[in-house]
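Chain residues, written in single-letter form:
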Amino acid sequence: QQQVKQSPQSLIVQKGGISIINCAYENTAFDYFPWYQQFPGKGPALLIAIRPDVSEKKEGRFTISFNKSAKQFSLHIMDSQPGDSATYFCAARRSDNFNKFYFGSGTKLNVKP
Amino acid sequence: ETGVTQSPTHLIKTRGQQVTLRCSSQSGHNTVSWYQQALGQGPQFIFQYYREEENGRGNFPPRFSGLQFPNYSSELNVNALELDDSALYLCASSSRFGGAEQYFGPGTRLTVT
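Residues numbered from 1 in each chain as written. Chains lettered and ligands numbered in written order. Predicted model: local features only at pLDDT ≥ 70, side-chain atom pairs only at ≥ 80, totals over all residues. Heavy atoms only, no water.

**Q** I'd like a description of the overall build of chain A, backed by residues and values.
**A** A count of helical and extended segments in chain A gives 0 helices and 11 strands. Helices and strands in chain A line up, N terminus first, as β-β-β-β-β-β-β-β-β-β-β. Expected size for 113 residues packed as a compact globule is a radius of gyration near 13 Å; at 14 Å, chain A falls within 12% of this value. Along the three orthogonal principal directions, the C-alpha set of chain A runs to about 45 × 30 × 20 Å. (Helix = DSSP H or I, 4+ residues; strand = E, 2+ residues; numbered from the N terminus. Rg over C-alpha atoms; globule rule 2.2 N^0.38 Å.)

Next up, the structure:
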């Protein structure tokens, strides 16, 4: 049973466009929702994160939108650049379950020049 | 401040053998988690160590075991290797038990033949 469902599996965006990646979860015990960026051959790097008491968080070109009632959250990359081409993972954490993180299956983003 | 480091970078083993992977946590971090990332998938939680004790485990068999040392570095041991154990093994550290921000190392690519 996949705890966090991520879509789309792959995404192609033109330079300067907006990239949107979506995630959904079922367990309302999750209390922290990070997004990670992973380049080939590297470990995931923490990009931005949100807690469920906030509906939106913005850091530079990256924004998380969080809909608690729908149990969904999304990553928006504004003004997408070729350097943003990577695989993005959403995750969810339960602090009452020894800080265990559950990851989505990933979205491979390709930003065309 | 140094980041999370892992060794070795790559490893090739034969089915049935045993392997030990190593991780040095980020300076000041006392909690280490291990993840298995199969090709094209998100990381799957193996277990977590805090104060040299395992305090959480995912759906992995007992042949996956670990250690944490007084300096917070950690080892992942896998016995009786199977072909399906081929994956990228990631170590992540956080600053305290239950700490939300988790930082990953570059991973060890294990190939079982």
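**Q** Would you mind going over the interface of chain B and chain A in detail, with residue names and values included?
**A** Of the residues lining the interface, 25 residues belong to chain B; the matching set on chain A comes to 18 residues. In this assembly, chain B packs against chain A so that about 1,600 Å² is buried in total across both faces, 56% of it on carbon and sulfur atoms. For chain B, the biggest contributors to the area lost against chain A are B:A100, B:Q102 and B:F104; these three give 28% of the whole. Linking chain B with chain A are 0 salt bridges, by the criterion used here. (Contact = heavy atoms within 4.5 Å. Buried area = accessible area lost by both parts, 1.4 Å probe. Salt bridge = Lys/Arg side-chain N within 4 Å of Asp/Glu carboxyl O.)

**Q** Outline the state of the cysteines, listing residues and values.
**A** Under the counting rule described, the total for this entry stands at 2 disulfides over all chains. The disulfide partner of A:C23 is A:C90, and the gap between their sulfur atoms is 1.8 Å. Taking the sign of the S-S torsion, about -90° here, the bridge from A:C23 to A:C90 comes out left-handed. One end of the pair, A:C23, is in strand β3 (residues 19-25); the other, A:C90, is in strand β9 (residues 86-94), with 67 residues separating them in the sequence. Residue A:C23 is classed as buried on the basis of its relative accessible area of 2%. By relative accessible area, which is 0% here, A:C90 ends up buried. Disulfide pairing is shown between B:C23 and B:C91; the S-S distance is 1.8 Å. Since a negative S-S torsion denotes a left-handed disulfide, the B:C23-B:C91 link at about -50° is left-handed. Highlighted residues: B:C23 in strand β3 (residues 19-24) and B:C91 in strand β9 (residues 87-94), separated in sequence by 68 residues. (Disulfide = S-S within 2.5 Å. Buried < 20%, exposed > 50% of the residue type's maximum accessible area, 1.4 Å probe, protein only.)

Spatial relationships are all this shows, so hold off on functional conclusions.
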